[in-house]
Amino acid sequence: MSSSLYISNFKRNVTDKYVIYNSLFAALPFSGIANVGALLPILLQACIDGYAEGRNPMQIIDHFFEQHTTVKTETEKVDRLFKFVQYIERQIVLFDAIEDAAFTTVNNMDGAGSLKGLFNEAAFAGKTQALKNKLRKFKVRVVLTAHPTQFYPGSVLGIIHDMSEAISRNDFHTINQYIQQLGITPFFNKKQPTPFDEAVNLMWYLENILYHSIGNIYNYINQEVFDSQFDGDNPFIELGFWPGGDRDGNPFVTADITLRVAEALRSAIIVCYYRDVRKLARRLTFTGVDTMIHSLEQQLYENVFRPREAKRLTAQDLLQQLYAMRELIVLQHHSLFLQRLDSLIHKIKIFGTHFAALDIRQDSRIHTKVLAQVNSELKAAGQPGIFPDNYDSFSPAEKMEHLAAIRTRVDPQLMKDELTKETLLSVCAIRTIQQQNGIQGCQRYIISNCQSAVNVMEVYALARLCGWDTEQLTLDIVPLFETVNDLAAAEQIMESLYRLPVYKQHLESRQRQQTIMLGFSDGTKDGGYLQANWSIYTAKENLTAISRKYDIRAKFFDGRGGPPSRGGGKTNKFYASLGSTIENEEIQLTIQGQTITSNFGTIQSSQFNLEQLLSAGVSNELFSDTRAQISNHDRHLLEELGKISYEVYQSFKTHPLFLSYLQQFSPLDYYSKSNIASRPAKRGGGGGLKFEDLRAVPFVGSWSQLKQNVPGYFGVGTALQQVKEKGMWEDVKAMFRNTLFFRTLIDNSMMSMLKSNFAPTRYIKEDPTYGPIWELIKREFDLTAQLVLELSGSKELMQDDKTGRASILMRDKIVLPLLTIQQYALHHLHSNETNAETKTVYEKLVTRSMFGIINAARNSA
């Protein structure tokens, strides 16, 4: 299907339907103000015309009220602005639902990147057997995180899901009812959610979307690729889960929360099985089979509703009973409904009784403190400590040897220091979860801010302290390398671990596999867009080489966010671009916040995006002979581009007004007041904000709210310009044509720029303090836009992704009044003429405006 047909489908199924259904909002009353829907289009046009004429947000808002309303007081004005915010939030939900409903018509579900497309390409190239061989071992692990970028509460997620189904049926009456429901449904949390709340909210996607889409993918591969004869243990897609296990910077995640989340995950998957078994029981009514299926149904019921009294079912228990039914159906009942039974068997193979594997994560500095505290408390109690008095003077190698030899067992409950007790209890919780949900339920401990091999062995020692003193350590210790410097040191760190006999023995018990996590979010925040991505690419190459040297298979886990600046965007293209110098038996990545909603909000979109990832990883190896690797010449160019962009970004990042610019003109200071996440917006305590304490989500999200998206392009334009001035422009153009990795970097940067709009903040140019910063950003934006268009031979940003471009432009148009309202509120917040009481109201208006802006962008943080 041609791109023009897809854009035509987008107009007919998205744009036109939005116009029709949006008109239904006009009749909705918002706290007694019935003409909000009639006035909002006028405000939108006032924003468009006002910015075209060079007005600032304050002038646009004031002029609008003067010309089109009888509002006189500031209180009335702010009240009306709140109603506009309410209204726009619901317009965005409507657009989300319409776009979800149209997903299969505006995307080629069987085209490039789909499993069907991959199977056809392999058949055409005579590589069907090679495809089977690769699929026997290759898989994708999608890890859902609870980072604060998801503004929709569970009730609204349900409305979006149900409304999209009604829209796909063109059920006007039901759509109208859902729109009325939206009008009176709260859109924000009145109190900060707990980590358990976050986990329960994300489980909605597990139960309603991913359970089905992942099952569909397994069934397709089994039937179409393996002729229904797949006998391996590869699930193809695995799920990971961070809510309730990610302790890094979140004091509200406790060991008790971790255990509660693990139990909730188990309960959720048992409920899914129970529903499927009940449906199966209506079909499997044959002699012998009927009693078996009803017995299983009763066992599942007991596990769901009477878990303390019931025998705790394991995945093996379930499979044993289902295989017995299968044998009977084949032998005596003509294999009737066998495919339906097999579908449930496949799901149990994938999800077990854990549903998604909980990861535990904590900062390396906490582990160092905890071990020191354990040592101190043991000695204070008259017991032998775990460290000699001169431990701090040990070399790194000596520390590693000593940590490896620790076999002391401690009772966490006897620890007086609360952080020490909780850290030890979280390690003990891993063992409990493994006993209750199976080893797959929780078997990874991630070390954020990992800066040395000692940091890895500290976690090894913690595990020994918590009961793994003599038995095999059923735990993968996963270092997370984030900053540019950490990425550069990663190879040496891993080699020193591979050479340590105790750690080498540990890896033997883990099938000689080592998972290594690489952080795109903090990498970009630290080093800028180009340098961070290139540093991660080269780190993967170096880590692959050193792992292969010691006969270890590296598995890379990418800490990605939603936007291109945090490793998001067209993620599948990055994986398709990795060469043979990077280990490629697994794709592991984090999915968070809005990206979960936008990429996995429906069964169709979820299956499409998972297939794209799976296909990218498989085709990367299968067709590597026809896809260009990065040449030495291109490597030199990428090194040069990365170096220049890094220097440009560092110069900007260290500007004395860098952070205060964000605090003054973006809602950076209001992320913690939005009640969208349990985790604080910055690391550490204290009142002052330091760049190193600022988390990647509010950092990137604030630039997105400003519509300046600095992390997605800053430094790219200057780097391209300097290389061009050195006479290497034709080389860069050739690299863009021939190197998918570089082309994907540029394409994703274009997405960041298309989502930018400097008009609402143009007034900052006149500010004597911050004007020069705004101009610096705008110059880099203009230079980058000019050069990437020239490089790609395009006339407009995202020219080759017409439906993606149309969606972004439509969303930006809907949200333009919100951007204007936010800037208006921020201006009054910082005005000396605004009294304390009024400032509180404007703070609420700023916070409230964040919701719609983030939701409209879908992958902005």
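Heads up: the structure comes first, above all this text.
Residues numbered from 1 in each chain as written. Predicted model: local features only at pLDDT ≥ 70, side-chain atom pairs only at ≥ 80, totals over all residues. Heavy atoms only, no water.

Engineer: Looking at this structure, how should I read the overall build of the protein?
Structural biologist: If you tally the helices and strands in the protein, you get 34 helices and 8 strands. Taken over C-alpha atoms, the radius of gyration comes to 28 Å for the protein, in line with the 29 Å a tight globule of 861 residues would show. By its C-alpha atoms, the protein is 75 × 75 × 60 Å across when sized along the principal axes. Counting all 861 residues of the protein, 62% fall into the buried class. (Helix = DSSP H or I, 4+ residues; strand = E, 2+ residues; numbered from the N terminus. Rg over C-alpha atoms; globule rule 2.2 N^0.38 Å. Buried < 20%, exposed > 50% of the residue type's maximum accessible area, 1.4 Å probe, protein only.)

Engineer: Looking at this model, I keep getting lost on the pattern of salt bridges. Mind explaining?
Structural biologist: Opposite charge on two side chains allows them to pair when their charged atoms are near. Scanning all chains against the criterion turns up 42 salt bridges. Residue E422 is joined to R247 by a salt bridge in which the shortest nitrogen-to-oxygen separation is 3.5 Å. Taken as a pair, E422 in helix α17 (residues 418-437) and R247 in the loop between β2 (237-241) and α11 (255-281) lie far apart in primary sequence, 175 residues in all. In terms of burial, E422 and R247 fall into one category: buried. Across the salt bridge formed by K555 and E586, the nearest N and O atoms sit 3.5 Å from each other. In this pair, K555 is assigned in strand β7 (residues 553-559) and E586 in strand β8 (residues 586-592), connecting sequence segments 31 residues apart. Members of the salt-bridge network, linked through shared partners, are D62, E74 and K77. (Salt bridge = Lys/Arg side-chain N within 4 Å of Asp/Glu carboxyl O.)

Engineer: I would appreciate a short explanation of the pairing of strand β3 (residues 357-363) in the present structure.
Structural biologist: With 7 of 7 residues buried, β3 lies mostly within the body of the structure. Neither face of β3 is left uncovered, since the one carrying A357, D359, R361 and D363 and the one carrying L358, I360 and Q362 both have all their residues buried. By the bridge criterion, 2 bridges tie β2 to β3 in an arrangement that is parallel. Across the sheet, the residue bridging to G240 is A357, located in β3. In this sheet, strand β4 (residues 444-448) lies alongside β3 in parallel orientation, the contact comprising 5 bridges. Across the sheet, residue D359 finds its bridge partner in β4, namely R444. (Pairing = 2+ DSSP bridges.)

Engineer: Explain the environment of R361 to me, please; I cannot follow it from the model alone.
Structural biologist: In this structure, R361 sits in strand β3. Judged by its relative accessible area of 6%, R361 is buried. Between the alpha carbons of R361 and D246 there is a distance of 4.7 Å; along the sequence they are 115 residues apart.

Engineer: So what exactly am I meant to see when it comes to the packing of aromatic side chains here?
Structural biologist: Where two aromatic rings form a pair, the distance of their centres and the angle of their planes describe that pair. Scanning the entire structure with this criterion turns up 39 aromatic pairs. A centroid spacing of 6.2 Å and a plane angle of 85 degrees characterise the contact between W242 and F557, whose relative ring orientation is edge-to-face. Pair noted here: W242 is in the loop between β2 and α11 and F557 is in strand β7, with a separation of 315 residues, a long-range link. Just as W242 is buried, F557 falls in that class too. Among the aromatic residues, ring-to-ring pairing joins F652, F658, Y661, F665, F699, W703, F714, Y763 and Y770 into one connected group. Here R260 stacks its cationic end above the ring of F196, 4.0 Å away from the centre of that ring. Here the guanidinium or amino end of K778 rests over the ring plane of F758, the centre of that ring lying 5.6 Å away. (Phe/Tyr/Trp six-rings, centres within 6.5 Å; stacked < 30°, edge-to-face > 60°. Lys NZ or Arg CZ within 6 Å of the ring centre and 35° of its normal.)

Engineer: What's the story with the pairing of strand β6 (residues 513-519) in this structure? I'm lost.
Structural biologist: Successive residues of a regular strand alternate their side chains across the two faces of the sheet. Extensive coverage of β6 is indicated by the burial of 7 of its 7 residues. Neither face of β6 is exposed, since Q513, T515, M517 and G519 on one face and Q514, I516 and L518 on the opposite face are all buried. Of the strand pairs in this sheet, β6 and β7 are connected by 7 bridges, and their pairing is parallel. Paired with Q514 across the strands is A554, a residue of β7.

Engineer: When you look at the sheet that holds β4 in this model, what are you seeing that I'm missing?
Structural biologist: Strands belonging to one sheet form pairs held by backbone hydrogen bonds; the direction of such a pair is parallel or antiparallel. Taken in spatial order, the 8 strands of this closed barrel run β1-β2-β3-β4-β5-β6-β7-β8, and their pairing is parallel. In this sheet, adjacent strand axes meet at a mean angle of 25 degrees when their direction is disregarded. Looking at chain direction, strand β1 (residues 139-145) and β8 are connected through 7 bridges and run parallel. Pairing of V142 across the sheet is with L589, part of β8. Sheet strands touched by helix α22 (residues 529-549): β6 and β7. Its angle to β7, the strand with the most contacts, is close to 160 degrees. (Axes fitted to C-alpha atoms, helices over the stretch in contact; angles between N-to-C directions. Contact = heavy atoms within 4.5 Å.)

Engineer: What exactly am I supposed to notice about the packing of helix α31 (residues 740-754) against helix α32 (residues 771-792) here?
Structural biologist: Two measures define how a pair of helices packs: the angle their axes make with one another and the distance between the axes. Interaxial distance between α31 and α32 falls to 11 Å at its minimum, and their mutual angle equals 135 degrees. With respect to α32, the axis of α31 lies oblique. By crossing handedness, the relation of α31 to α32 is classed as left-handed. Note on element contacts: α32 touches α31 through F781, T784, A785, V788, L791 and S792, opposite F742, I746, M750 and M753. (Parallel < 35°, antiparallel > 145°, perpendicular 65-115°, else oblique. Left-handed = near helix turned anticlockwise from the far one by under 90°.)

Engineer: Hey, could you run me through the state of the cysteines in this one?
Structural biologist: Two cysteines, two sulfur atoms, one covalent bond between them: this is a disulfide. Applying the stated rule across the entire model yields 0 disulfides. The thiol sulfur of C428 is not disulfide-bonded, and the nearest other cysteine sulfur, from C466, lies at 3.9 Å. For the unlinked cysteine C450, the closest cysteine sulfur is that of C442, found at 19 Å. (Disulfide = S-S within 2.5 Å.)

Engineer: How should I be thinking about helix α20 (residues 501-509) in this particular structure?
Structural biologist: Turn by turn, an α-helix covers 3.6 residues, leaving residues three or four places apart pointing in a common direction. Where α20 is concerned, the buried positions are Y503, H506, L507 and S509. The buried residues of α20 occupy an angular sector of 155 degrees when the element is viewed end-on, so they sit on one face. Exposed and oriented more than 90 degrees from the buried face of α20 are P501 and Q505. Looking at the buried residues of α20, the elements they touch are α18 (453-465), β5 (476-481), α19 (484-498) and β6. (Arc of directions from axis to C-beta.)

Engineer: Would you mind showing me how to read the nonpolar core here?
Structural biologist: For soluble globular proteins, nonpolar side chains are generally found buried alongside one another. Core analysis: the biggest nonpolar cluster contains 272 residues, and L206, F241, Y273, F355, Y661, W703 and F742 have the highest contact counts within it. Excluding residues within four positions of it along the chain, W703 makes contact with F652, F658, Y661, L662, Q708, N709, V710, P711 and I777. If you look at the next biggest cluster of nonpolar residues, it comprises 7 residues, including W242, I446, V478 and M517. (Core = buried A, V, L, I, M, F, W, Y, C linked by side-chain atoms within 4.5 Å.)

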